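Coordinate inspection notes
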Amino acid sequence: MTDLRSDTVTKPTEEMRKAAYEAEVGDDVYGEDPSINKLEETAAEVLGKEAALFVTSGTQGNQIAILTHCRPGNEIILEAESHIFYYESGASSAFAGVQTRTLNGIRGAMNPSEVEHAIRGEDQHYPETGLICLENTHNRAGGAVIPIDNMKEIYSIGKTNNIPVHIDGARLFNAAAALNLPASEMANHCDTVQVCLSKGLGAPVGSILAGSREFIAAARKWRKRLGGGLRQAGIIAAPGIVALTNMRERLAEDHENAQYLAQQLGQIKGIEIVNQVDTNIIVADVKNLKMNSSEFVEKLKAEGVFSGTFGPSYVRFVTHYDVTKKQLEDAVIAIHRTAGQMI
Ligand SMILES: *Cc1c(COP(=O)(O)O)cnc(C)c1O
């Protein structure tokens with residue numbers, strides 16, 4: 001079986017399992033779990049922020065960021081296909097009580113002057129703009145890297161208007177690998193950032209929320225309110241430390257594999273690659289195969305290759321460290337067969 005549905009399917013490495021087994025632990029709600037403390041310190045350093053907080057998931061990290069930055073009745077500006085808007089079950093309205101102001105981006109990047117114009121002025125009719133959210137890499141834009149200049153410009157607009165900027169950086173390390181820049185350079189253009197340990201980095205559980213010391217203290221309280229205060233969490237933090245220290249450099253390999261797969265799929269009649277493949281995500285349009293995406297995904301699954309629907313005729317493939325080049329070569333043959341073509 002070759003699972004290309006997502007990089008969330010990566011399983012912990014031997015080293016991570018060993019680290020979990022041997023982890024020194026304590027009660028993290030008392031601040032006494034050495035492994036959690038080390039993970040948070042490491043993450044803050046890697047991201048170039050004062051402090052970091054371990055959270056259970058990317059969604060929890062993003063929502064804690066919104067809860068900490070905003071008050072009920074605020075408006076947040078974000079891209080129309082962003083994960084926070086599209087895939088978090090309406091959490092920002094359910095919990096933080098904020099309303100969303102979505103802007104259509106190009107390859108996931110919002111136009112800075114549109115962001116500027118979306119910021120609310122002083123008028124009793126208006127909600128207050130509480131936060132600007134970016135997403136890098138942008139999932140629904142096919143793992144697109146948001147350029148540094150775009151982040152810079154939006155961050156500077158945020159600063160001028162006294163509005164914080166949060167980056168949903170579930171795959172920020174993929175963006176850093178693609179640009180060959182340190183993650184801290186990417187995270188420099190925001191007040192707060194969320195990164196996933198459990199996607200391409202392969203840790204079993206968890207995300208990091210990073211920002212100023214003051215922000216993280218307030219975020220810690222929101223995490224507690226949400227029931228996210230964990231006890232001997234070092235068991236899951238230890239694999240996270242391995243993820244941050246040993247797994248980032250190899251993301252470029254996933255990107256090379258994605259290039260290979262995109263190039264092969266692009267040669268199959270009836271399949272069109274619709275995204276510019278910047279990182280580890282490939283989006284293919286199968287409409288010319290006279291199948292919808294669900295039919296294609298089902299048919300391919302019968303061949304032992306798992307992919308995901310990404311729209312009525314769009315199918316998503318994600319490369320990650322649990323899929324070898326050989327498996328990809330075999331997957332290409334299976335995809336040929338699914339497309340009704342023999343090679
Ligand atoms: C996966 C993902 C998240 C959420 O992470 P979970 O750990 O699944 O909650 C948030 N943002 C983006 C862009 C993602 O891809």
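Residues numbered from 1 in each chain as written. Predicted model: local features only at pLDDT ≥ 70, side-chain atom pairs only at ≥ 80, totals over all residues. Heavy atoms only, no water.

Where an unreviewed UniProt entry is consulted, the chain appears under the name Low-specificity L-threonine aldolase, with the organism given as Cytobacillus pseudoceanisediminis. In its Sequence similarities (unreviewed entry) section, the UniProt entry covering the chain states "Belongs to the threonine aldolase family." You can read under Cofactor (unreviewed entry) in the UniProt record for the chain the words "pyridoxal 5'-phosphate". (UniProt positions renumbered as here; feature names shortened; annotations may be inferred.)

Turning next to the domain arrangement of the chain. Looking at the assigned domains, one finds that the chain contains domain 1 (8–246) and domain 2 (250–340). Here the C-alpha centroids of domain 1 and domain 2 sit 28 Å apart. Between domain 1 and domain 2, the contact holds 23 residues from the first and 16 residues from the second. Taken over both partners, the interface formed by domain 1 and domain 2 buries close to 1600 Å², and the fraction arising from carbon and sulfur atoms is 52%. When the area that domain 1 buries against domain 2 is broken down by residue, the three leading residues are R107, G142 and N174, summing to 28%. (Domains from an automatic or database assignment. Contact = heavy atoms within 4.5 Å. Buried area = accessible area lost by both parts, 1.4 Å probe.)

As recorded in UniProt, the sites labelled "domain: Aromatic amino acid beta-eliminating lyase/threonine aldolase" (unreviewed entry) are residues 3–287. With 41% helix and 16% strand, residues 3–287 has its two end C-alpha atoms placed 22 Å apart. (Helix = DSSP H or I, 4+ residues; strand = E, 2+ residues; numbered from the N terminus.)

With that settled, the discussion passes to the packing of aromatic side chains. The tally for this structure, following the rule as stated, stands at 1 aromatic pair. With centroids separated by 4.8 Å and ring planes inclined at 65°, the aromatic side chains of Y86 and Y87 adopt a geometry described as edge-to-face. Sitting over the ring of Y86, R140 keeps its end group 4.1 Å from the ring centre. (Phe/Tyr/Trp six-rings, centres within 6.5 Å; stacked < 30°, edge-to-face > 60°. Lys NZ or Arg CZ within 6 Å of the ring centre and 35° of its normal.)

Another point: the sheet that holds strand β2 (residues 51–55). Across the sheet, which stays open at both edges, the 7 strands sit in the order β2-β8-β7-β6-β5-β3-β4 with mixed pairing between neighbours. Two strands bound the open sheet, and with one partner strand each, they are β2 and β4 (99–103). Across this sheet, the average inter-strand angle for adjacent strands is 20°, counted without regard to direction. When β2 meets strand β8 (residues 207–211), the two strands line up antiparallel, connected through 5 bridges. Across the sheet, A52 pairs through a bridge with A210, a residue of β8. In this fold helix α2 (residues 34–47) packs onto β2, β7 (192–196) and β8, with an angle of close to 125° to the strand it touches most, β2. (Pairing = 2+ DSSP bridges. Axes fitted to C-alpha atoms, helices over the stretch in contact; angles between N-to-C directions.)

Inspection of the entire model under this criterion finds 17 salt bridges. Its salt-bridge partner being R250, residue E253 comes within 3.8 Å of it at the nearest N-O pair. Put simply, K287 and D285 hold a salt bridge, and the shortest N to O gap is 3.1 Å. Overall, K287 belongs to the partly exposed group, its relative accessible area being 46%. The exposure class of D285 is buried, given its relative accessible area of 5%. Overlapping salt bridges, with partners in common, bring together E75, R101 and R120 in one network. (Salt bridge = Lys/Arg side-chain N within 4 Å of Asp/Glu carboxyl O. Buried < 20%, exposed > 50% of the residue type's maximum accessible area, 1.4 Å probe, protein only.)

Take α2 next. Along its 14 residues, α2 runs 20 Å from first to last C-alpha, staying within 8% of the 20 Å computed at 1.5 Å per residue. Among the residues of α2, S35, I36, L39, E40, T42, A43, A44, V46 and L47 are the ones counted as buried. For α2, the N-terminal capping position is held by D33, with its side-chain oxygen 3.0 Å away from the main-chain nitrogen of S35. (Expected span 1.5 Å × (residues − 1). Polar contact = N/O pair within 3.5 Å; in protein donor to acceptor, adjacent residues only side chain to side chain.)

Contacts to the ligand come from S57, G58, T59, N62, H83, E88, E135, D168, A170, R171, C196 and K199. T59 is positioned with one of its side-chain polar atoms (N or O) 2.7 Å from an oxygen atom of the ligand. Isolated, the ligand exposes 380 Å² of accessible area, and the fraction of that covered by the protein chains is 85%. Top contributing element to the shell around the ligand by residue count: helix α3 (residues 58–69), with 3 residues. (Near = heavy atom within 4 Å. Areas by Shrake-Rupley, 256 points an atom, 1.4 Å probe, with all protein chains shown as cover.)

As a packed pair, helix α8 (residues 172–179) and helix α12 (residues 251–265) sit with axes 9 Å apart at the nearest point and diverge in direction by 75°. It follows from the interaxial angle that α8 and α12 lie roughly perpendicular. In contact with F173, N174, A177 and A178 of α8, α12 contributes L251, A252 and H255. (Parallel < 35°, antiparallel > 145°, perpendicular 65-115°, else oblique.)

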